[in-house]
Amino acid sequence: MTESRQKGFGQEGLAGSLSRRALLRRSALFALSIPVVSAALAACRGGGGGGGGGAGGKITIEMSEYKFSPNTLTAAPGATVTVTLKNVGALQHDFHVDVVNVTSPLVDPGKSTDFSFTAPSQPGQYDFWCTVPGHKELGMVGKLTVQ
Ligand SMILES: [Cu+2]
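Since the model is a prediction, treat every value here as computed from it, not as a measurement. Throughout, residues of each chain are indexed from 1 in the direction in which the sequence is written. Totals for whole chains, interfaces and linings use all residues, but because this is a predicted model, local features are given only for residues with pLDDT of at least 70 and pairs of side-chain atoms are given and counted only at 80 or more.

A. Structural view of the overall build of the protein. Under the DSSP-based scheme used, a helix requires at least four consecutive residues in state H or I and a strand at least two consecutive residues in state E, with every element numbered from the N terminus. Of regular secondary structure, the protein possesses one helix and nine strands. If you list the helices and strands of the protein from N to C, you get α-β-β-β-β-β-β-β-β-β. We call a residue exposed when 12 or fewer other C-beta atoms sit within 10 Å of its C-beta, buried when the count reaches 20 or more, and partly exposed for counts in between; the C-beta positions come from the backbone. Here the protein, with 147 residues, has 18% of them falling under the buried criterion. Within the protein, contacts between residues separated by at least 24 positions form 56% of all contacts whose residues are at least 6 apart in sequence. Whether two residues are in contact depends on their C-beta atoms, placed from the backbone: they are in contact if these lie within 7 Å.

Structural data, given as structure tokens:
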């Protein structure tokens, strides 16, 4: 009696661990599908929202003398990043990401422009700055975090 019960428990234990493994595999797949869904949602929001600003799919960076605000930007490796460059200063400014060698057009005071670039595929921290002579030296720099 006790012997068969132990046997029974043993089988149950095995079945339990098997189904647990299957569950784990299923939840791993589920976890993988979450970023895809949220990326798709972000894309939808970015496309429909226009210039909503904020922390959604589209980021607005204000440029003035002599700073970017915010001066940090985060992107996924290889992602297409679109920033709205809004010049709230009194001089022309631009936005240069050295690691991918891209520079936005110069933005006139009071104007804004949408600028897209491809983030590096390698995670890390990269500098961006304004290429108008002297501005970088005066602190018009920021950090792009790829993660
Ligand atoms: Cu500048």
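B. Region of the structure containing the nonpolar core. Buried Ala, Val, Leu, Ile, Met, Phe, Trp, Tyr and Cys residues form a nonpolar core when they are connected through C-beta atoms within 7 Å. Counting 19 residues, the largest nonpolar core has Met63, Ala75, Leu85 and Leu144 as the members making the most contacts within it. Those elements giving two or more residues to this core turn out to be β1 (59-64), β3 (72-75), β4 (80-87), β8 (124-129) and β9 (141-146). Ranked by residues supplied to this core, first place goes to β4 with three residues. For Ala75, the residues in contact, after removing those within four places along its chain, are Val81, Ala119, Leu144 and Val146.

C. Local environment of the sheet that holds strand β5 (residues 96-97). Strand order in the open sheet formed by five strands is β3-β9-β8-β5-β6, and the pairing between neighbours is mixed. Where the open sheet ends on each side, the last strands, each with one partner, are β3 and β6 (102-103). At least two bridges found by DSSP between two strands is the condition for calling them paired. Strand direction decides the pairing type here: β8 and β9, joined by six bridges, are antiparallel. Paired with Phe128 across the two strands is Gly142, which belongs to β9.

D. Summary view of the environment of Pro120. Relative to the helices and strands, Pro120 resides in the loop between β7 (112-118) and β8. Considering only alpha carbons, one finds Pro120 and Ala79, 41 residues apart in sequence, at a separation of 7.9 Å. Once residues lying within four places of it in the same chain are set aside, the contact partners of Pro120 are Pro77, Val99, Val100, Tyr126 and Val146.

All quantities given are derived from atomic positions and should not be read as evidence of function.
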